[in-house]
Amino acid sequence: MHRRQILASLAALGAFAGMASAYAETGFPQKPITFVVPYLAGGTTDLVARVVGEHMARTLGQPVVIENRPGAGGNIGMDAVAKARPDGYTIGFGAISTNALNPHIYQSMAFDPRKDFTAISMLGYSTIVLEVGRNFPAGNVQEFIAYIKAHPGQQYGTAGAGTSMHLAGVMFAQMAGLDMTHVPYKGSVPGITDMLGGHLPAMFDNLPASLPHIQAGKLKALAVAGSERSPSLPNVPTIAESGLKGYAVDPWFGVYGPAKVDPAIVARLNAAINRALSDPAVKDKLVQAGFTPKGSTAQDFEALTQSEYRRLGDAARTAQMQVN
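Structure report, in brief.

The rules we used
Residues numbered from 1 in each chain as written. Predicted model: local features only at pLDDT ≥ 70, side-chain atom pairs only at ≥ 80, totals over all residues. Heavy atoms only, no water. Helix = DSSP H or I, 4+ residues; strand = E, 2+ residues; numbered from the N terminus. Rg over C-alpha atoms; globule rule 2.2 N^0.38 Å. Buried < 20%, exposed > 50% of the residue type's maximum accessible area, 1.4 Å probe, protein only. Contact = heavy atoms within 4.5 Å. Areas by Shrake-Rupley, 256 points an atom, 1.4 Å probe, with all protein chains shown as cover. Core = buried A, V, L, I, M, F, W, Y, C linked by side-chain atoms within 4.5 Å. Salt bridge = Lys/Arg side-chain N within 4 Å of Asp/Glu carboxyl O. Expected span 1.5 Å × (residues − 1). Polar contact = N/O pair within 3.5 Å; in protein donor to acceptor, adjacent residues only side chain to side chain. Phe/Tyr/Trp six-rings, centres within 6.5 Å; stacked < 30°, edge-to-face > 60°. Pairing = 2+ DSSP bridges. Axes fitted to C-alpha atoms, helices over the stretch in contact; angles between N-to-C directions.

**Describing the overall build of the protein**
Thought 1: The helix and strand tally for the protein stands at 11 helices and 11 strands.
Thought 2: Scaling as 2.2 N^0.38, a compact globule of 324 residues should have a C-alpha radius of gyration of about 20 Å, and the protein matches this with 20 Å.
Thought 3: With the principal axes as the frame, the protein shows a C-alpha extent of 65 × 50 × 35 Å.
Thought 4: Across the 324 residues of the protein, 55% fall into the buried class.
Thought 5: Summarising the internal contacts of the protein: among those between residues at least 6 apart in sequence, 79% fall at separations of at least 24.
Thought 6: Surface accessibility of the protein: about 14,000 Å² in total, with carbon and sulfur atoms responsible for 52%.

Below is the structure:
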């Protein structure tokens, strides 16, 4: 057995031991777990939650029930998580927007992401894609910029105000010197529907929701917003490569519980999530959908949340983002 295989086996044994210890200490779980997704069904978070949740259910021996609670850029669903009992039976699909960006751009927030959650595990990263309808008269970023400058006020959609896609659009317009009108939707699906129907010219969207339409030739991907190209669209350049040097938005996602969840329960949930993310079938399904799975310890995810809260505050102020 190779050294890497031995280490992987030891890590798996350690995860099983930690899960067994947490179960022996708490008896958790003894009933279904509600996994709140603060966005509409059909989008990136919903897809990842269902794939990971299904695997978690097999590991934990209890159903993991996906509950979509969209609205206010994810704030409604995550507020429900923050106010739930800290017993591990309600967890939420948090994101760079809900737990790092939104507090800096919404005039009022019902929760404080620095204090009102227990970080459980990272889930991974998504890719934001700048896309247009197949009949839009631009085939790359520079042609898109030229068209918008010649036709100011053009609309672009996102999955919601305050999302990382909104940040991507605002940063793009500022760096390119464009006059564009933001149209926030309640999730990716209605925005994509309007694009397919010719009612919306452009969109900044999380790639998993749009990828099937791009692959089918119904939408055109002009560029991705991340610091690297997406393995799902290797021939599509980044926005930075397309002329806006220094541009990058890399959305991350993870699982949170309410504040003060018992550490033994956190350990049990964390082990189940990381076991799911390391399963080849789960990884393949997520990667094919345009998502990059990446687990973490609860401690590392908490550190990321706090550092991103500070970083995104600076970015939001620079971009002059605000949601009433």
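There's more to say after this.
**Regarding the nonpolar core**
Side chains of a nonpolar character, in soluble globular proteins, are inclined to be buried together.
Thought 1: Formed by 52 residues in total, the largest nonpolar core has its most connected members in F144, F172, L178, M180, F204, I239 and Y247.
Thought 2: With eight residues, the single largest contributor to this core is helix α6 (residues 164-176).
Thought 3: Non-local contacts of M180, meaning those with residues more than four positions away in its chain, are made with F144, I148, Q154, Y156, F172 and A173.
Thought 4: Within the second largest apolar cluster, 34 residues are counted, among which are V37, F93, I120 and F253.

**Some remarks on the pattern of salt bridges**
Thought 1: Applying the stated criterion across every chain yields a total of eight salt bridges.
Thought 2: Between D46 and R50 there is a salt bridge, and its shortest N-O distance comes to 2.9 Å. Of the two residues, D46 and R50 both sit in helix α2 (residues 44-60), four residues apart, roughly one turn of that helix.
Thought 3: Take D46: its relative accessible area is 6%, and that puts it in the buried class.
Thought 4: Its relative accessible area of 38% is what places R50 among the partly exposed residues.
Thought 5: The shortest N-O distance in the salt bridge between R58 and E54 comes to 3.8 Å. You can see R58 and its partner E54 sitting in helix α2, four residues apart, about one turn around the helix.
Thought 6: According to the relative accessible area criterion, R58 is exposed, its value standing at 55%.

**Observations regarding helix α9 (residues 263-278)**
Thought 1: Between the first and last C-alpha of α9 there are 22 Å, a value that for 16 residues agrees with the 22 Å anticipated at 1.5 Å per step.
Thought 2: The N-capping residue of α9, defined by a side-chain oxygen 2.7 Å from the backbone nitrogen of A264, is D262.

**Examining the packing of aromatic side chains**
Thought 1: Per the counting criterion, the structure on display carries 14 aromatic pairs.
Thought 2: Measuring from ring centre to ring centre gives 5.7 Å for F136 and F144, while their planes differ by 40 degrees; the resulting arrangement is tilted. Of the two residues, F136 and F144, neither departs from the other in class, the shared state being buried.
Thought 3: Consider the rings of F136 and Y147, whose centres lie 4.9 Å apart with planes at 65 degrees: the pair is edge-to-face. Here Y147 lies in helix α5 (residues 141-150) and F136 lies in the loop between β5 (128-133) and α5, a separation of 11 residues in the sequence.
Thought 4: A relative accessible area of 9% means that F136 is categorised as buried.

**Observations concerning the side chain of T98**
Thought 1: Relative to the assigned elements, T98 resides in helix α4 (residues 96-105).
Thought 2: Only 2.9 Å separates the side chain of T98 from the backbone nitrogen of A95, close enough to count as a polar contact.

**Here we look at the environment of G246**
Thought 1: Topologically, G246 is positioned in the loop between β9 (219-224) and β10 (252-258).
Thought 2: On the basis of relative accessible area, G246 is assigned to the exposed category, the value being 72%.
Thought 3: Distance in space between the C-alpha atoms of G246 and R310 is 19 Å, their sequence separation being 64 residues.
Thought 4: If sequence neighbours within four positions are ignored, G246 has contacts with M175 and A240.

**Overview of the sheet that holds β9**
Thought 1: With mixed pairing, the five strands of this open sheet are ordered in space as β7-β6-β8-β5-β9. Here the strands that pair on one side only, and so sit at the sheet edges, are β7 (180-184) and β9. When the angles between neighbouring strand axes are averaged without regard to direction, this sheet yields 30 degrees.
Thought 2: With two bridges joining them, strand β6 (residues 154-158) and strand β8 (residues 202-206) adopt parallel strand pairing. The partner of G157 across the bridge, within β8, is M203.
Thought 3: The sheet strands contacting helix α8 (residues 207-215) are β5, β8 and β9, and the helix crosses β8 at an angle near 120 degrees.

**Focus: the side chain of R268**
Thought 1: Here R268 is to be found in helix α9.
Thought 2: For R268, the side chain forms a polar contact with the main-chain oxygen of F28, separated by 2.8 Å.

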